[in-house]
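# Inside the fold
Residues per chain, in single letters:
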Amino acid sequence: RAKTDGRGIFRVYSPEMGNKMRRYHYLLEELRLAISSNSFHMSFQPIVHVEDCAIDYFEALIRWQHPIEGLIPPSEFIPIAEESNLILELGDWILLESCRQMSAWHNAGMKKVKISVNVSGIQLKHRDIYNWVMDSLNKTGLPASSLMLEITESTLITASEDIIQQLDSCRKAGVSVAIDDFGTGFSSLSTLADLPIDVIKIDKLFITQANENPKYLKILNSISELGHQLGLKIVAEGVEQIDQFELVKNLGIRCVQGYLVSRPETSYNVGSKVLTGNVNHIATTGTSVWLP
Ligand code: C2E
Ligand code: MG
Ligand code: MG
Ligand code: MG
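Not measured: the values here are computed from a predicted model.

### Re the overall build of the chain
Check the secondary structure of the chain and you find 10 helices and 13 strands. Residues counted as buried form 47% of the 292 residues belonging to the chain. Taking the intrachain contacts of the chain between residues at least 6 apart in sequence as the baseline, contacts between residues at least 24 apart amount to 65%. In the form shown here, the chain has an accessible surface area of approximately 14300 Å², with 52% of it arising from carbon and sulfur atoms.

### A closer look at unusual backbone geometry
Of all residues except glycine, most have a negative phi; of all peptide bonds, most are trans. You will see that Cys53, though not glycine, has its phi angle at about 60°, which is positive. Note that Cys53 resides in the loop between β3 (40-49) and β4 (55-66). With relative accessibility at 0%, the residue Cys53 sits in the buried group. Its identity as a non-glycine residue notwithstanding, Asn85 has a phi of 65°, on the positive side. Along the chain, the position of Asn85 falls in the loop between α2 (74-83) and α3 (86-107). Its relative accessible area of 33% is what places Asn85 among the partly exposed residues.

### Remarks on the coordination of the magnesium ion (ligand 3)
Within the protein, the atoms that donate to the magnesium ion (ligand 3) are Asp180 (OD), Asp181 (OD), Glu237 (OE) and Glu237 (OE), at distances of 2.0 to 2.8 Å. Taken as a pair, the magnesium ion (ligand 3) and the magnesium ion (ligand 2) show a spacing of 3.9 Å, with Asp180 coordinating each metal. In this pair, Asp180 is assigned in strand β8 (residues 176-182) and Glu237 in the loop between β10 (233-236) and α10 (242-250), connecting sequence segments 57 residues apart. Under the relative-accessibility criterion, Asp180 is labelled buried at 5%. The class for Glu237 is buried, based on a relative accessible area of 8%.

### A look at the environment of Gly227
Among the secondary structure elements, Gly227 is positioned in helix α9 (residues 214-229). In this structure Gly227 comes out as buried when scored by relative accessible area, which is 0%. The contact partners of Gly227, leaving out residues within four places of it in the chain, are Ile200, Leu232 and Ile234.

### Some details on the nonpolar core
Here is a general trend for soluble globular proteins: nonpolar side chains tend to be buried in one another's company. Formed by 77 residues in total, the largest nonpolar core has its most connected members in Val133, Leu147 and Ile200. If you tally residues by element for this core, the top one is α3, at eight residues. Grouped together as the second largest cluster of nonpolar side chains are seven residues, Ile47, Tyr57, Val199 and Cys255 included.

### As for α2
Listed as buried for α2 are Phe77, Ile78, Ile80 and Ala81. In an axial view of α2, the angular spread of the buried residues amounts to 165°, which keeps them on one side of the axis. Away from its buried face, by an angle of more than 90 degrees, α2 presents the exposed residues Ser75 and Glu83. Those residues of α2 that are buried are in contact with α1 (15-37), β3, β4, β5 (70-72) and α3.

### With respect to the packing of aromatic side chains
Per the stated rule, a full pass over the model turns up seven aromatic pairs. For the pair Phe40 and Trp93, a centre-to-centre distance of 6.5 Å together with 45° between the ring planes defines the contact as tilted. Remark: Trp93 occurs in helix α3 and Phe40 occurs in strand β3; sequence separation between them is 53 residues. Look at Phe40 and you get buried, because its relative accessible area is 7%. Ring centres of Phe44 and Trp105 lie 5.0 Å apart, and the angle between their planes is 70°; this geometry places the pair in the edge-to-face category. In this pair, Phe44 sits in strand β3 while Trp105 sits in helix α3, placing the two residues 61 residues apart along the sequence. The pair Phe44 / Trp105 is uniform in exposure class, with both members buried. One aromatic cluster is present, built from ring pairs that chain together Phe40, Trp64, Phe77 and Trp93. The ring of Tyr259 carries the charged tip of Arg263 above its face, separated from the ring centre by 3.8 Å.

### Topic: the site of ligand 1
Near ligand 1 you find 20 residues, and of these Arg63, Asn118, Asp180, Glu240 and Tyr259 are the closest. Within the contact set of ligand 1, an oxygen atom lies 2.9 Å away from a side-chain nitrogen or oxygen of Asp180. About the coverage of ligand 1: the protein hides 84% of its 800 Å² of free accessible area. Here ligand 1 occupies the largest pocket. Counting only elements with at least two residues in the shell around ligand 1, the list comes to β3, β4, α2 and β8. It is β4 that contributes the most residues to the shell around ligand 1, four residues altogether. For the shell around ligand 1, the per-class residue count stands at nine nonpolar, four polar and seven charged.

Each value, and the rule that gives it
- Residues numbered from 1 in each chain as written.
- Chains lettered and ligands numbered in written order.
- Predicted model: local features only at pLDDT ≥ 70, side-chain atom pairs only at ≥ 80, totals over all residues.
- Heavy atoms only, no water.
- Helix = DSSP H or I, 4+ residues; strand = E, 2+ residues; numbered from the N terminus.
- Buried < 20%, exposed > 50% of the residue type's maximum accessible area, 1.4 Å probe, protein only.
- Contact = heavy atoms within 4.5 Å.
- Areas by Shrake-Rupley, 256 points an atom, 1.4 Å probe, with all protein chains shown as cover.
- Donors = N, O, S within 2.8 Å, 3.2 Å for Na, K, Ca; no water.
- Core = buried A, V, L, I, M, F, W, Y, C linked by side-chain atoms within 4.5 Å.
- Arc of directions from axis to C-beta.
- Phe/Tyr/Trp six-rings, centres within 6.5 Å; stacked < 30°, edge-to-face > 60°.
- Lys NZ or Arg CZ within 6 Å of the ring centre and 35° of its normal.
- Near = heavy atom within 4 Å.
- Polar contact = N/O pair within 3.5 Å; in protein donor to acceptor, adjacent residues only side chain to side chain.
- 1 Å grid on protein atoms, 1.4 Å probe; cavity = no way out; pocket = protein on both sides within 12 Å on 5 of 7 lines; lining within 4 Å.
- Sits in = over half its atoms within 2 Å of the grid points.
- Nonpolar A, V, L, I, M, F, W, Y, C, P; charged D, E, K, R; others polar.

Without other data, these values stay purely geometric and don't point to any function.
Quick look at the structure:
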């Protein structure tokens, strides 16, 4: 919006817009540098079964430790990486690194746990997804059945027929697919039946609101019911409090992810054994990280 500063000079950008653009271009340049110098690491957050809090799988979440800015959250830099297509190069590293880490944990004895990797719409569009996934599995020796791809609802419902088929090929090879942030993407519940998915991750908005707002509780209830009827696994995201945990459990939802159980970490205390991102200490499947 053009405006005058009172001296007859027109400005196209407000100071606030200018700041946002400077920040954007600064981060874009820093992102390029960070990719070439490999300044990222992965953190891992467990998704656990409600009955015994045994780990079902880990979600891989990228972390960027900037030398001056400190930790920059993915919610700030992933959109920039997507707009600039830098997510392609970064995403190649994310998948390979996540598979490598899980393969190392498998070899250290944690056999049954899977790794789940976020994949953006830009990657689905520009990468030959089936070959891309198989390549990382082959390079790291991770079995296909130990990998899950997380794709947001809004990306999945706008995906082309070709992308849907590639995802289905991945599933036929044993890879799982989860619909992420479900409930925020405005798809109808009936589309769930047609999507190539195994897991529904219900957005944390519904978990946060459920105890205060009966409408959210009803939606949560119907997602859970329909999901189970379709044979899908349901995960509740963003469980921070014990009453949210109980609520979700009473709705029949079998898996939870959230700060109540564990924040994303690069190392874990699992029972008496330590699970570390860099050093391969041993963790056993079925060990509880937290008990209600
Ligand atoms: P997401 O895929 O929905 O990941 C879950 C986010 O919720 C993570 O935030 C996680 O730390 C956070 N979370 C987990 N439990 C709780 C809780 O109890 N309370 C609250 N308030 N938050 C919780 P994070 O790591 O900051 O990532 C944010 C988003 O950035 C992710 O949302 C995902 O969309 C994107 N992202 C993160 N890592 C990657 C990546 O490696 N690749 C891509 N393409 N996107 C990523
Ligand atoms: Mg996710
Ligand atoms: Mg999510
Ligand atoms: Mg999210």
